[in-house]
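# Report on the structure
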Amino acid sequence: MKTLFKKWVARTPYFFRACNARGLLLSIVALSPFNAYANTPSPSDNKHVLYINSYHQGYAWSDDIEKGLRDTFAAARGTIEVSTIYLDSQRYTQEALTALTADMVALKKNEKLIDLIVVSDAPAIEFALDNQAYLFSRKPIVATSIGDYPSIEKTSDSSITGISALADYKAPIDLALSLHPNTQSIVFAGSKKAQHNQRLLDTIQVDVIPRLSDYAVKTLVDEPLSSLQSTLDAQPSNTLVFLLSDTFLINAELDGLNSATYSPAETARIVSSMTNLPVYSYWHAHLGHGIIGGQFATGFSQGKAAAQLAVSLLENQFLTGSISTEDYPFKPAPAALFFDAEVTAKHGISTASLPNGARIINPPTPIWQVYKTEVLVTLIVVFALISAVLGFFLLTRRQNDTIHHISDENSELNHALDVNKETLDIVEHQLEEVTTVDPLTGLSNDKHFNNMLDKELKRATRYKTSLTLLLLTFDDYSDFVGVYGESNAEKQLAKMGKMIATSCQRSSDLLAYRGKGSFAIILPHTKCDNALIVCEKLHDQLKKEALPFDQSQTGMMTISIGVSSMEGNEQNVFPDSMLSLSKAMCEEAQKYGGNVTRSALISTDIAPNTSQ
């Protein structure tokens, strides 16, 4: 009502205002109950929320928080306008910049326009608390993602509330132990390089590890990659690994690389490729990069929960005329279980055994969806063929007056059938090219092998990591085919493929059948010495299988293995070069009599090694 009165005063001529002012004032007094109601903000009044983001646009975590905020505000009753300040503290940490940001906010003089402040992550929380009296006097603050700033939950300031950090760190461990009931030991890999990682590590050491007295527990803190590899290799097979750090710092002196920090995705990929042990994590950014899963509080869920709390406070302002956080204590961060279906299947965990409500990524794709394009093309071709036959039938019935016409139509039909058969052959050939699996052995085929060798070489060259290529050849394969027949030879090759697959179980290894009794294995992050251990396992396993071959020197089937390795410092290594070296080593092993391994480094002139 006051707003309407001001507009009327501004727009009405002075004389008219003077004549009508007394009557208008009397009307206002008479309508005083309605006037009191009009002074109360309506649900449709615009609300203004200032969001202070610790980082910058493009930083996935805080981008998800902001998306959760905006989506929730957009769905709320009334209009909630959101303004965002980016502190950019991930890239710039100067205190002078923070002070300038505060002065910039003060210059805008928009304190009265702001109804509520939302802050995410430690830098924004510190900024809001340090400048609260200066910029946001008596304005409520909703904090989220406060894992690096635990003391805020204990503050006595009644103007602050928010979403607290996840406190139940043992629940994911209990879940992992239920999925792996034979577990005897647990390895925690953590870091003190960042405050949020150190806090999680301290919490695990103080609150969780003492409750795991039934298990052998090992904690690795800021372990160099080389040492981490050897430690994980030394663990028994019934061990669980938990990542406590979202990123690992490269140790320039011990790892032989420039000082830098791995991204969360790179950290998860590297650790999971180091070991065949089940790897779990406390960081959502690791999901989809080799870990089984874990219990995570995502950025989107943090932002959504903070926005819901803010909406409740704004609605409370509508009902009471003021905003107070006294009846709004800190709420726990919403967390959910996430699992990677591809990795759980690798470790023998069925999705049916996972808890209800768990979110699954990389679910198995139905075969009809994988080949839906090919199926659609085939249906179109079949439909076209049926249409052609039906058309021909109708045409011949109308033109059956002479045998000559019938003969001509039959010729056209035969031609159409030939054309459609050629089309079907082309489609079948395209289907064969699309698949990456060899139908005989169930391993990758030669085309997929060539593509992956090129990709792994580029990755190894870029990150300065080691890579080894194994070529395995069935000794005297042509003689075996001549004696036992091609059908029996294929059966033995299928058995050999299964044997090789059981000996190489890392998710990063690629096994392929290249035809004519030849196999190939790509071993990322593997040096020549470790590859020779794999070769020795293959020889031993084949010896245990004792597949009969009377014409061989041993009376059993044997293989020759050629090994080529790059140690991580090579430049411009091409797939053909590595493949040629492995092939040369394999031929050298066959000349030696077969049933042996020959190896060489691709960047040196060291004489090849021989192992039985």
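Residues numbered from 1 in each chain as written. Predicted model: local features only at pLDDT ≥ 70, side-chain atom pairs only at ≥ 80, totals over all residues. Heavy atoms only, no water.

In terms of helices and strands, the protein chain carries 22 helices and 19 strands. The 612 residues of the protein chain split such that 42% are buried. Of the contacts formed within the protein chain by residues at least 6 apart in sequence, a portion of 69% connects residues at least 24 apart. Of the roughly 33,100 Å² of accessible surface on the protein chain, 54% is carried by carbon and sulfur atoms. (Helix = DSSP H or I, 4+ residues; strand = E, 2+ residues; numbered from the N terminus. Buried < 20%, exposed > 50% of the residue type's maximum accessible area, 1.4 Å probe, protein only. Contact = heavy atoms within 4.5 Å. Areas by Shrake-Rupley, 256 points an atom, 1.4 Å probe, with all protein chains shown as cover.)

A word on the layout of surface pockets. For the second largest pocket, the calculated volume is near 1,400 Å³. Lining the second largest pocket are 48 residues, and of these Ser272, His289, Gly290, Ser507 and Ser508 lie nearest its centre. Of all the elements in the fold, those that place two or more residues in the lining of the second largest pocket are α12 (264-274), α14 (341-346) and α18 (446-463). Counting residues per element, the lining of the second largest pocket draws most heavily on α18, which supplies seven residues. (1 Å grid on protein atoms, 1.4 Å probe; cavity = no way out; pocket = protein on both sides within 12 Å on 5 of 7 lines; lining within 4 Å. Points joined across faces, edges and corners; volume = space filled by probe spheres on them.)

A few words on the pattern of salt bridges. Applying the stated criterion to the full structure yields eight salt bridges. In this structure, the salt-bridge partner of aspartate 174 is lysine 170, at a minimum N-O distance of 2.6 Å. On the accessibility criterion, lysine 170 (11% relative accessible area) is buried. Measuring nitrogen to oxygen at the nearest pair gives 2.8 Å for the salt bridge that ties arginine 506 to aspartate 509. Like aspartate 509, arginine 506 is buried. (Salt bridge = Lys/Arg side-chain N within 4 Å of Asp/Glu carboxyl O.)

Another aspect to go through is the sheet that holds strand β4 (residues 141-144). Pairing is parallel across the open sheet formed by six strands, whose spatial order is β2-β1-β3-β4-β5-β11. Pairing within the sheet leaves two strands with one partner each, and these edge strands are β2 (80-86) and β11 (331-332). As paired strands, strand β3 (residues 116-120) and β4 are joined by four bridges and run parallel to one another. Across the sheet, the residue bridging to serine 120 is threonine 144, located in β4. Each of β1 (47-53), β3, β4 and β5 (160-164) touches helix α6 (residues 121-130); the most contacted strand, β3, lies at about 145° to it. (Pairing = 2+ DSSP bridges. Axes fitted to C-alpha atoms, helices over the stretch in contact; angles between N-to-C directions.)

Bringing the confidence of the model for the protein chain into the picture now. Taken over all residues, the pLDDT of the protein chain has a mean of 81, while the share at 70 or more is 83%. Below pLDDT 50 for its whole length, residues 252-257 participates in 14 contacts with residues either more than four positions away or in separate chains. (pLDDT = per-residue confidence, 0-100.)

Right, let's talk about the environment of glutamate 588 for a bit. Within the secondary structure layout, glutamate 588 lies in helix α22 (residues 575-591). Of the residues examined, glutamate 588 reaches a relative accessible area of 32% and is grouped as partly exposed.

Ranked by internal contacts, the top residues of the largest apolar core, which has 28 residues, are Leu470, Leu472, Met496, Ile500, Ile521 and Leu538. Residue assignment for this core shows that the elements contributing at least two residues are β14 (467-474), α19 (477-484), α20 (486-503), β15 (510-515), β16 (518-524), α21 (528-545) and β17 (559-566). For methionine 496, the contacting residues outside a window of four places in its chain are Phe474, Phe519, Leu542, Met557 and Ile559. Within the second largest apolar cluster, 27 residues are counted, among which are Ala176, Leu200, Val208 and Tyr280. (Core = buried A, V, L, I, M, F, W, Y, C linked by side-chain atoms within 4.5 Å.)

Turning next to the packing of α18 against α22. Close contact between α18 and α22 brings their axes to 9 Å; oriented N to C, the two are set at 110°. One finds that α18 runs roughly perpendicular with respect to α22. You can see that α18 and α22 cross each other, and the crossing is right-handed. Across the interface between the two elements, Phe449, Leu453, Asp454 and Leu457 of α18 pack against Pro575, Met578 and Leu579 of α22. Looking at the contact of α18 with α22, its residues break down into six nonpolar, no polar and one charged. (Parallel < 35°, antiparallel > 145°, perpendicular 65-115°, else oblique. Left-handed = near helix turned anticlockwise from the far one by under 90°. Nonpolar A, V, L, I, M, F, W, Y, C, P; charged D, E, K, R; others polar.)

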